[in-house]
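# Understanding the architecture of this molecule
Spelled out from the first residue to the last, the chains are:
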Amino acid sequence: MNTKEALMKALILIDIQHDFLPGGALAVPGGADIIPVVNQLQPRFELVVASQDWHPPDHKSFASAHPGKKTYDVIELRGLRQVLWPDHCVQETNGAAFPAALSTARIEAIFRKGTDPEIDSYSAFYDNGHRKSVGLAGYLREKGVTEVYLAGLAAEICVYYTAMDSLQENFITYYIEDAVRPLVQQEFKKALEQFAAAGGHVIHSSNL
Ligand code: VGL
Ligand code: ZN
C-alpha cells in the first residue's frame, strides 16, 4: 500500500479539563456528557492526541490580572480583542487536570497552550495572533495524519479555533457533533457556519 495515498485519521481531544466541566471555573453546560463518547471513540483512531489549556497564574486572559476589570469584559491585548475570563486551567492545579473519567491510555501526546502570560491561545495549533506554533501541525504531518477529528470543549472557542487552523493546515477536518459542547449555543451555531463555509465537515460519532 502506498502510505502517501492512504487516509490516516487522528482524534484530537481539546481541553477536556476540570475547569471546563460542571463545577469548574469556566464550566461548559453538559460538558461531562462528552466523556463517555470520547472514551468509546478512542480505539477507532490510529492516533489520539490531546490539548490542555495551561496558563500561568498571572495570565493576561484572566480578569484578575487587570485591576478594575470584570470577568467577560473585553480589552485589547497586544493588538488583539481579548475576552477576560475567570481564572482557569492554571498550570499544575486540579482545574487544569484531566478528569479521572477520561481514558488517557491511548493519548500519545499532549499539547499545552496558553503558557505565555502575554498571549492567549484558543487553537491547539497556534496562539490567537498566529505568532507562535504549538507544534501540533508538524507533529501530525510527521505521523502521516490526513484527517483530523475534533472533540472537546468549548465547541465555539477552543475547538472552533483549532478546527479553522486545521483546515488552513490542509487537514480534512471534522467536528464530532456529539463529542463537543459549547459555552453559548448561539455562538456555536455561527461558528459551525463559518467552519462549513471554510470546507469543514460535521459527523456524528455513530457514523465513525
Ligand atoms: C477556552 C476560553 C479560555 C476553551 C480556553 O478551551 O474553549 N475558552 N480559554
Ligand atoms: Zn484559557
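Not measured: the values here are computed from a predicted model.

### Details of the site of ligand 1
Around ligand 1 sit D15, F20, L26, D53, W85, H88, Y122, L153, A154, I157 and C158, and that is every residue in its neighbourhood. L153 is positioned such that a nitrogen or oxygen atom in its backbone is 3.3 Å from an oxygen atom of ligand 1. In the complex, the protein chains occlude 100% of the 260 Å² of accessible area that ligand 1 would expose alone. Taken atom by atom, the bulk of ligand 1 overlaps the largest cavity. Looking at the shell around ligand 1, its residues break down into eight nonpolar, one polar and two charged.

### Comments concerning the state of the cysteines
Applying the stated criterion to the full structure yields zero disulfides. This cysteine, C89, is not joined by any disulfide, and C158 carries the nearest cysteine sulfur, 8.6 Å off. Look at C89 and you get buried, because its relative accessible area is 0%. Taking relative accessible area as the criterion, C158 reaches 6% and is therefore assigned buried.

### Digging into the nonpolar core
One finds L11, I12, L13, L136, L140, V145 and Y175 to be the most contacted residues of the largest nonpolar core, which totals 62 residues. Once you skip the residues sitting within four places of it in the chain, L13 turns out to touch V38, Q42, V48, V49, A50, S51, L102, I107 and A151.

### Some remarks on the pairing of strand β3 (residues 74-77)
Of the two faces of β3, only the one carrying I75 and L77 is buried; V74 and E76 on the other face are not. Relative to strand β4 (residues 80-83), β3 is paired through four bridges, and the arrangement is antiparallel. Paired with I75 across the strands is Q82, a residue of β4.

### Points about the sheet that holds strand β6 (residues 147-152)
Spatial strand order, β5-β2-β1-β6-β7-β8: six strands in an open sheet with parallel pairing. Both outer strands of the open sheet, β5 (107-113) and β8 (201-203), are each paired with one neighbouring strand and no more. When strand polarity is set aside, the average angle formed by the axes of neighbouring strands in this sheet is 25 degrees. The pairing of strand β7 (residues 172-180) with β8 spans three bridges and is parallel. The residue of β8 that forms the bridge with Y174 is H201. Packing of helix α1 (residues 34-41) onto the sheet brings it into contact with β1 (9-14), β6 and β7, and relative to β7 it is tilted by some 130 degrees. Against the sheet, helix α3 (residues 158-168) touches β1, β5, β6 and β7, its axis set at about 160 degrees to β7.

### Some words on the coordination of the zinc ion (ligand 2)
Coordination of the zinc ion (ligand 2) by the protein involves D53 (OD), H55 (NE2) and H88 (NE2), with metal-donor separations of 2.0 to 2.2 Å. For the zinc ion (ligand 2), the four donor atoms are set out with angles of 89 to 171 degrees between them, so the coordination reads as irregular.

### With respect to the packing of aromatic side chains
For the structure shown, the criterion picks out ten aromatic pairs. A centroid spacing of 5.2 Å and a plane angle of 65 degrees characterise the contact between F45 and Y149, whose relative ring orientation is edge-to-face. Placement of the pair is F45 in the loop between α1 and β2 (47-53) and Y149 in strand β6, with a sequence separation of 104 residues. Taken individually, F45 and Y149 each receive the classification buried, so the pair is uniform in this respect.

Reading the values: the criteria
Residues numbered from 1 in each chain as written. Chains lettered and ligands numbered in written order. Predicted model: local features only at pLDDT ≥ 70, side-chain atom pairs only at ≥ 80, totals over all residues. Heavy atoms only, no water. Near = heavy atom within 4 Å. Polar contact = N/O pair within 3.5 Å; in protein donor to acceptor, adjacent residues only side chain to side chain. Areas by Shrake-Rupley, 256 points an atom, 1.4 Å probe, with all protein chains shown as cover. 1 Å grid on protein atoms, 1.4 Å probe; cavity = no way out; pocket = protein on both sides within 12 Å on 5 of 7 lines; lining within 4 Å. Sits in = over half its atoms within 2 Å of the grid points. Nonpolar A, V, L, I, M, F, W, Y, C, P; charged D, E, K, R; others polar. Disulfide = S-S within 2.5 Å. Buried < 20%, exposed > 50% of the residue type's maximum accessible area, 1.4 Å probe, protein only. Core = buried A, V, L, I, M, F, W, Y, C linked by side-chain atoms within 4.5 Å. Contact = heavy atoms within 4.5 Å. Helix = DSSP H or I, 4+ residues; strand = E, 2+ residues; numbered from the N terminus. Pairing = 2+ DSSP bridges. Axes fitted to C-alpha atoms, helices over the stretch in contact; angles between N-to-C directions. Donors = N, O, S within 2.8 Å, 3.2 Å for Na, K, Ca; no water. Tetrahedral: all angles 85-135°; square planar, octahedral: opposite > 155°, others 65-115°. Phe/Tyr/Trp six-rings, centres within 6.5 Å; stacked < 30°, edge-to-face > 60°.

The quantities given are spatial measurements derived from coordinates; they are silent on function.
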